[in-house]
Amino acid sequence: MRTLGVAAAAVLGPRLLREHARSGASLAAIRRHTLHPVLLYANVLPLVVGSLWIAGSYALIRFYPAYAGALRPMQILLVATNFLVVLSGVTTFLFAIDKHPRNLLILTPVLCLNVAIDLVLLRLGWGLVAVAVGSLVTYFCYACAVLWYVSGHFDMGRTARLEFLARALLPGIGLGLALGFVERSFAYTG
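Residues numbered from 1 in each chain as written. Predicted model: local features only at pLDDT ≥ 70, side-chain atom pairs only at ≥ 80, totals over all residues. Heavy atoms only, no water.

1. Considering the nonpolar core
1) Next: Grouped together as the largest cluster of nonpolar side chains are 40 residues, with contacts concentrated most on Phe93, Leu147, Val150 and Leu169.
2) Next: Listed by contribution, the elements that provide at least two residues to this core are helix 1 (2-22), helix 2 (27-63), helix 3 (71-86), helix 4 (90-96), helix 5 (102-123), helix 6 (128-151) and helix 7 (158-185).
3) Next: When residues in this core are grouped by element, the largest group, nine residues, is from helix 2.
4) Next: Setting aside chain neighbours within four positions, we find leucine 169 in contact with Phe83, Phe140, Ala143, Cys144 and Leu147. (Core = buried A, V, L, I, M, F, W, Y, C linked by side-chain atoms within 4.5 Å. Buried < 20%, exposed > 50% of the residue type's maximum accessible area, 1.4 Å probe, protein only. Helix = DSSP H or I, 4+ residues; strand = E, 2+ residues; numbered from the N terminus. Contact = heavy atoms within 4.5 Å.)

In structure tokens form, the structure reads like this:
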């Protein structure tokens, strides 16, 4: 999943930088190179994640039964990674406008939140699932913060920014809920 995001950023990033340079640093000129890939990923990734969830769950139980305890963390991390991969290319935008150090200001509190969630859930006996849930919350919060920050650089009002954020994140949320429902309703791993 992460490799898919890195590959897309490697393809989309240079285009964004080229358009930014050609336009004389006009943000309007790179809006579609910044925001459209996010929405494209948000709509395509659920298909990939859903397939990996079902096929990976089946394969893990069928071929590697000794690792059955890692099934739930694997599933949670698949949904979590969806939120991280949706951001592909946005980091290039931050580089283009010379705002990439802001990433550190976003990452630091989110990382602290991750550690806090992990510690609390580990003490409650959640085991490896605690780390997966901590990652899920962290990636979601990071995606919200970065997308909110990036969308603020374009001429978008609060409502338009909230709509963009919803279009970018709701497919991943819906996917997680739908896969959780499938998991409870159908014993496909057996």
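Now that the structure is up, let's keep going.
2. Here we look at the pattern of salt bridges
1) Next: What the rule picks out here adds up to two salt bridges.
2) Next: The shortest N-O distance in the salt bridge between glutamate 19 and arginine 18 comes to 3.5 Å.
3) Next: By relative accessible area, which is 18% here, glutamate 19 ends up buried.
4) Next: You can call arginine 18 partly exposed: its relative accessible area is 39%. (Salt bridge = Lys/Arg side-chain N within 4 Å of Asp/Glu carboxyl O.)

3. Here we look at the packing of aromatic side chains
1) Next: Per the stated rule, a full pass over the model turns up three aromatic pairs.
2) Next: With a centroid separation of 5.2 Å and 80 degrees between ring planes, the pair formed by phenylalanine 83 and phenylalanine 140 is classed as edge-to-face. Linking phenylalanine 83 in helix 3 with phenylalanine 140 in helix 6, this pair joins segments that are 57 residues apart in sequence.
3) Next: Residue classification places phenylalanine 83 among the buried positions, given a relative accessible area of 3%. (Phe/Tyr/Trp six-rings, centres within 6.5 Å; stacked < 30°, edge-to-face > 60°.)

4. Focus: the packing of helix 2 against helix 3
1) Next: Where helix 2 meets helix 3, the axes come as close as 9 Å, and the angle between the chain directions of the two elements is 165 degrees. Regarding the angle of helix 2 to helix 3, the classification is roughly antiparallel. Where helix 2 crosses over helix 3, the handedness of that crossing is right-handed. Here helix 2 contributes Val38, Tyr41, Ala42, Leu45, Pro46, Val49, Leu52, Trp53, Gly56, Ser57, Leu60 and Ile61 to the contact with helix 3, which in turn contributes Leu71, Met74, Gln75, Leu78, Val79, Asn82, Val85 and Val86.
2) Next: For the contact of helix 2 with helix 3, a count of residues per class yields 16 nonpolar, four polar and no charged. (Axes fitted to C-alpha atoms, helices over the stretch in contact; angles between N-to-C directions. Parallel < 35°, antiparallel > 145°, perpendicular 65-115°, else oblique. Left-handed = near helix turned anticlockwise from the far one by under 90°. Nonpolar A, V, L, I, M, F, W, Y, C, P; charged D, E, K, R; others polar.)

5. Observations regarding the environment of alanine 7
1) Next: Inspection of the secondary structure puts alanine 7 in helix 1.
2) Next: Measuring from C-alpha to C-alpha, the distance between alanine 7 and isoleucine 173 comes to 24 Å, with 166 residues separating the pair along the chain.

6. A short note on the side chain of asparagine 114
1) Next: With respect to the element layout, asparagine 114 can be found in helix 5.
2) Next: Among the polar contacts listed, one links the side chain of asparagine 114 to the side chain of threonine 138, at a separation of 3.3 Å.
3) Next: The contacts of asparagine 114, once residues within four sequence positions are left out, are Gly134, Ser135 and Thr138. (Polar contact = N/O pair within 3.5 Å; in protein donor to acceptor, adjacent residues only side chain to side chain.)

7. Focus: the environment of leucine 47
1) Next: Residue placement: leucine 47 occurs in helix 2.
2) Next: Residue leucine 47 is classed as exposed on the basis of its relative accessible area, which comes to 62%.
3) Next: Each C-alpha atom, one on leucine 47 and one on leucine 170, is 14 Å from the other, the two residues being 123 residues apart in sequence.

8. A closer look at helix 3
1) Next: The terminal C-alpha atoms of helix 3 lie 23 Å apart, and with 16 residues this matches the ideal 22 Å at 1.5 Å per residue to within 8%.
2) Next: A large share of helix 3 lies buried, amounting to 13 of its 16 residues. (Expected span 1.5 Å × (residues − 1).)

9. What to know about unusual backbone geometry
1) Next: At alanine 25, a residue that is not glycine, the phi angle is positive and equals roughly 70 degrees.
2) Next: Looking at the secondary structure, you find alanine 25 in the loop between helix 1 and helix 2.
3) Next: Even without being a glycine, aspartate 98 presents a positive backbone phi close to 60 degrees.
4) Next: Topologically, aspartate 98 is positioned in the loop between helix 4 and helix 5.
5) Next: Aspartate 98 sits in the exposed class, given a relative accessible area of 56%.

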